[in-house]
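A closer look at the structure
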Amino acid sequence: QAQLVESGGGLVQTGGSLRLSCAASGRTYNTYTMGWFRQPPGKERECVAAISWRGGSTPYADSVKGRFTISRDNAKNTLYLQMNSLKPEDTAVYYCAATFAPTIAPMRGKCPSEDEYIYWGRGTQVTVSS
């Protein structure tokens, strides 16, 4: 099975930028749709963005649209999340995830449901100071 490891989190000031990476290893041929989730302190986990295998469909949460960009490099088995204009509300543990099969939700501009994601990383902390 695939293994996912996030990196790139840290402390940044309001308005700053960070780029998160998610390295996939093992049997990566079945990592189709990939996505980023986040869980702020005391709140539920929410989808930030998702990306289809070829990168043609990239839905975003309304709260990050225009500020965050999701991308992937399949040759390197790596998923990225470029985060610009960061706000204190973006403070959370960020997780990457991958589905076992193709999904249609990204084609409709929506994140797949959590139960469609089979592989999960352990998360990386992002803290935005005010």
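Thresholds, definitions, all that
- Each chain carries its own residue numbering, running from 1 in the written order of its sequence.
- This being a predicted model, a pLDDT of at least 70 is required before a residue's local features are given, and a value of 80 or more before pairs of side-chain atoms are given or counted; all residues contribute to the totals for chains, interfaces and linings.
- Heavy atoms from the whole structure form the basis of all side-chain values; hydrogens and water molecules are not counted.
- The numbering of helices and of strands both runs from the N terminus, where a helix is a DSSP run of H or I of at least 4 residues and a strand a run of E of at least 2.
- Pairs of N or O atoms within 3.5 Å make up the polar contacts considered here, provided that, within protein, one atom can donate a hydrogen while the other can accept it, and that residues adjacent in sequence are counted only when both atoms are side-chain atoms.
- We call two residues in contact when some of their heavy atoms are within 4.5 Å.
- Only a pair of cysteine sulfur atoms within 2.5 Å counts as a disulfide in this structure description.
- Any residue under 20% of the maximum accessible area for its type is buried, any over 50% is exposed, and the rest in between are partly exposed; the area is computed with a 1.4 Å probe on protein chains only.

1. A short note on the side chain of Thr-91
Checked against the element boundaries, Thr-91 lands in the loop between β7 (78–83) and β8 (92–99). Polar contacts involving the side chain of Thr-91 include one to the main-chain amide nitrogen of Val-128, which spans 2.9 Å. In this structure Thr-91 touches Pro-40, Pro-41, Gln-125, Val-126, Thr-127 and Val-128, once residues within four positions along its chain are discounted.

2. Considering the state of the cysteines
Within this structure, the stated rule accounts for two disulfides. Here Cys-22 pairs with Cys-96 through a disulfide, and the sulfurs are 2.0 Å apart. When the S-S torsion is 55°, as for the bridge of Cys-22 with Cys-96, the disulfide is right-handed. Placement of the pair is Cys-22 in strand β3 (residues 18–26) and Cys-96 in strand β8, with a sequence separation of 74 residues. Each member of the pair Cys-22 and Cys-96 is classed as buried. What pairs with Cys-47 in a disulfide is Cys-111, and their sulfur atoms sit 1.9 Å apart. Between Cys-47 and Cys-111, the S-S torsion sits near -70°, and that sign places the bridge as left-handed. Here Cys-47 is found in strand β5 (residues 46–51), whereas its partner Cys-111 is found in the loop between β8 and β9 (117–120), with 64 residues between them in sequence. In this structure Cys-47 comes out as buried when scored by relative accessible area, which is 16%.

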